[in-house]
Amino acid sequence: MQACRVLRNSATTAWTGASITRLARSRTLANVAASESESRKHVSILLQKTASLLPRTLSTADSAVGPDSSAFWSDILETSITELSSGSNQVPLKATIAVCGFDKWACSHDLVTALLEDPFTSDPTYSDILRNRWKNAPSCVTIEYGKPTMFAGELSSPSDWLQRFPHAIRLTELPDLSSLSSISVETDSLLLSSDVLLLLCDPIVTPLSDLAIRAKHLLNKPNTILILASGPNSDPHRQFVSRTLSHMGCQPGHILFVDPRQALGAVTALQANPTSPSTIDRYQRDTLGSRISTVAVAINEILLEMPLLDLRQETALSQAYGSLSTSFRSIEAAEKDIDRAASRIDGVRSGVQRIRENAGHDVLGKPGEDNKIEKALALGTKEMDTLLGSLSFWKTVWRVDEIGALVSAAVQRQWCKGLENQLILQTGRLECTQRELSISAFTLLSAASLRSPVLENQLQQLTHSPTHTLTPNSLTQPVHDRRSRLIQYTTTKLHREAQSAVVGAVGGILSGTGLGWWLAFGEHILSLGAGTEMGTAIGSGALLAVGSIRWAVGKWERAKRRWVQDSARIGDGLKRDLQVCVRTWCSS
């Protein structure tokens, strides 16, 4: 009875313990599921924040394509966000492996053929399908495990190689990058979205620097396996390649040295004669020498590290890292462009400042030393003084109606004519300088960091404005205006003064003659008296005539002095006008 009670208690205890164990396990699984869900949620939030940042760091122009555009990375991140947010039921059942060669010398197609070809099979159909998978030039070849069929770029392969990994495999084989005129968005998206990337390169044909320039965004994926299709397999060589790529800003996850040609040659030879001992020995020797087995080892190291869902999260994080790295490089490039543009702007500004400082001296000369206006005015005044000096009153009497035309012609011909020619010459030089500055400004705006339709429109409006364009009259217009004023007002006044003096002299002579005649004969003829003595009458008339001539000569000399004084004042005005004109041009 006691034994039955003990057995009953033991069974109860065992059932209770099993229940507790199942409960604890279910709670553990629930916690793991909750933790995985929380992790996916955090990764999705991170991807969303990264996607929202990209339009501010990468180009959004329609002409921007590939990894340098915001739309490219946004599409990739949105796809990953959709996959992670859909839950574990929608997680892809296969791990994706992408294979791509940098050029035809990398032999990426030979590598895939050597990996999937079965040297011991006697099925020629599968071998023919495998080796002719690129016959119809598909955009890519997708390979999965199954019966040997090929349709529309999708190949089913019975190769055991596809079954040796912890997850089911979808192998995507892409064309060589160098065979594409430009890497399409779909190709780049497949390369960046793959869980494992096999990137092949022949370092003898393609320097590592070229590889780093064109495939830098692929080499920075942590799950990228860089396969060098030639070269010795040793740790020093691998470390040297790793250091070289690291100095170029590239850090692939694995670096392997594999010879695809040797591996495929071994398989082909064994298929041709599978019973020959020498062929078998060659197959073993070449297979080991090609180091093709290291490819599966490197892939296993990546796939065994984490479950498939975690692997997808790792791939999504590597995509976010790639987009941020591209953004960082874009920002660095923009900073360098801005620095170069700022340096060029400083150069243009310093050049403009030098032109402003030297323009006045080049055009007008240095005050007190080589003042071109002073010299031109002094020379013009001297020539006009010579002309006016030659126009004595008696010469003026006979050419009184020609004074205005004579002096005006002399002003047009001599007054500041040398200065006008010098200004025309300087205008041509300044126009060349202005054209060079305009070209420099448009060149600065053509830089990507400074390209702005608003700035270009403002500069176009400025260069096409009437006040911006320099013409031969731009600097000589003040000379023309002052010369016209000298002719229109001062010379016209001189002409009237000459006429007034001549008329006054002639009137005085006639008045003196009339007075002498009146005094001598007028009173006697009119029976008013005996008349004045002849000497007195003649003296009185002569005095009046000489006085009027003296007055006329003085009036003419004073008119000529006033003309010279007025021309000096007009010359001072010309100085100010030219200084303002040059200053206005330099500031525009």
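## Observations regarding the pairing of strand β7 (residues 224-228)
With five of five residues buried, β7 lies mostly within the body of the structure. In β7, alternate side chains face the same way, and those of Thr-224, Leu-226 and Leu-228 on one face and Ile-225 and Ile-227 on the other are all buried.

## A closer look at the side chain of Thr-172
Within the secondary structure, Thr-172 is located in strand β5 (residues 168-173). Taking relative accessible area as the criterion, Thr-172 reaches 10% and is therefore assigned buried.

## Regarding the pattern of salt bridges
Under the counting rule described, the total for this entry stands at 16 salt bridges. Of the charged contacts in the structure, one is a salt bridge between Arg-133 and Glu-173, with a shortest N-O distance of 2.6 Å. In this pair, Arg-133 sits in the loop between α4 (124-131) and β2 (141-145) while Glu-173 sits in strand β5, placing the two residues 40 residues apart along the sequence. In this structure, the salt-bridge partner of Glu-431 is Arg-435, at a minimum N-O distance of 2.4 Å. In this pair, Glu-431 and Arg-435 both sit in helix α16 (residues 417-446), four residues apart, roughly one turn of the helix. Among the ionic contacts, a cluster of salt bridges with common partners joins Lys-94, Glu-144 and Arg-170.

## Focus: the side chain of Ser-567
Along the chain, the position of Ser-567 falls in helix α19 (residues 534-587). Residue classification places Ser-567 among the buried positions, given a relative accessible area of 6%.

## Some details on the packing of aromatic side chains
A ring pair, where both rings are aromatic, is described by two values, the distance of the centres and the angle of the planes. Evaluation of the coordinates by the stated rule reveals one aromatic pair. Both rings, one in Trp-161 and one in Phe-165, keep their centres 5.0 Å apart while their planes meet at 80°; by these two values the pair is edge-to-face. As far as the burial class goes, Trp-161 and Phe-165 line up, both buried.

## Points about the sheet that holds β5
The eight strands lie next to each other as β3-β4-β2-β5-β1-β6-β7-β8, forming an open sheet whose pairing is mixed. Edge positions in the open sheet fall to β3 (149-151) and β8 (254-257), since each of these has one partner strand only. Along the sheet, successive strands turn relative to each other by an average axial angle of 20°, direction set aside. Alignment of strand β1 (residues 94-101) against β5, held across six bridges, turns out to be parallel. Bridge assignment links Ala-98 to a residue of β5, and that residue is Thr-172. Contacting β7 and β8, helix α8 (residues 235-247) runs over the sheet at an angle of about 135° to β8.

## A few points about the confidence of the model for the protein chain
For the protein chain, the mean per-residue pLDDT works out to 77, and 83% of the residues sit at or above 70. With pLDDT under 50 throughout, residues 1-33 is counted as low confidence; its partners more than four residues away or in other chains account for zero contacts. Note on residues 526-531: pLDDT under 50 across the span, and seven contacts to partners over four residues away in sequence or across chains.

## A few points about empty space enclosed by the protein
One pass over the full model with this rule turns up three cavities of 30 Å³ or more. Here the largest cavity is characterised by a volume of approximately 60 Å³. Lining the largest cavity are Trp-73, Leu-192, His-217, Asn-220, Lys-221, Pro-222, Ser-318, Gln-319, Tyr-321 and Gly-322. For the lining of the largest cavity, the residue count by class is four nonpolar, five polar and one charged. Taken as a whole, the second largest cavity encloses approximately 50 Å³ of empty space. Surrounding the second largest cavity, Thr-490, Lys-493, Leu-494, Glu-497, Ala-559, Arg-562, Trp-563 and Asp-566 form its lining. A breakdown of the residues in the lining of the second largest cavity according to their chemical character gives three nonpolar, one polar and four charged.

Reading guide: rules and limits
- Residues numbered from 1 in each chain as written.
- Predicted model: local features only at pLDDT ≥ 70, side-chain atom pairs only at ≥ 80, totals over all residues.
- Heavy atoms only, no water.
- Buried < 20%, exposed > 50% of the residue type's maximum accessible area, 1.4 Å probe, protein only.
- Helix = DSSP H or I, 4+ residues; strand = E, 2+ residues; numbered from the N terminus.
- Salt bridge = Lys/Arg side-chain N within 4 Å of Asp/Glu carboxyl O.
- Phe/Tyr/Trp six-rings, centres within 6.5 Å; stacked < 30°, edge-to-face > 60°.
- Pairing = 2+ DSSP bridges.
- Axes fitted to C-alpha atoms, helices over the stretch in contact; angles between N-to-C directions.
- Contact = heavy atoms within 4.5 Å.
- pLDDT = per-residue confidence, 0-100.
- 1 Å grid on protein atoms, 1.4 Å probe; cavity = no way out; pocket = protein on both sides within 12 Å on 5 of 7 lines; lining within 4 Å.
- Points joined across faces, edges and corners; volume = space filled by probe spheres on them.
- Nonpolar A, V, L, I, M, F, W, Y, C, P; charged D, E, K, R; others polar.

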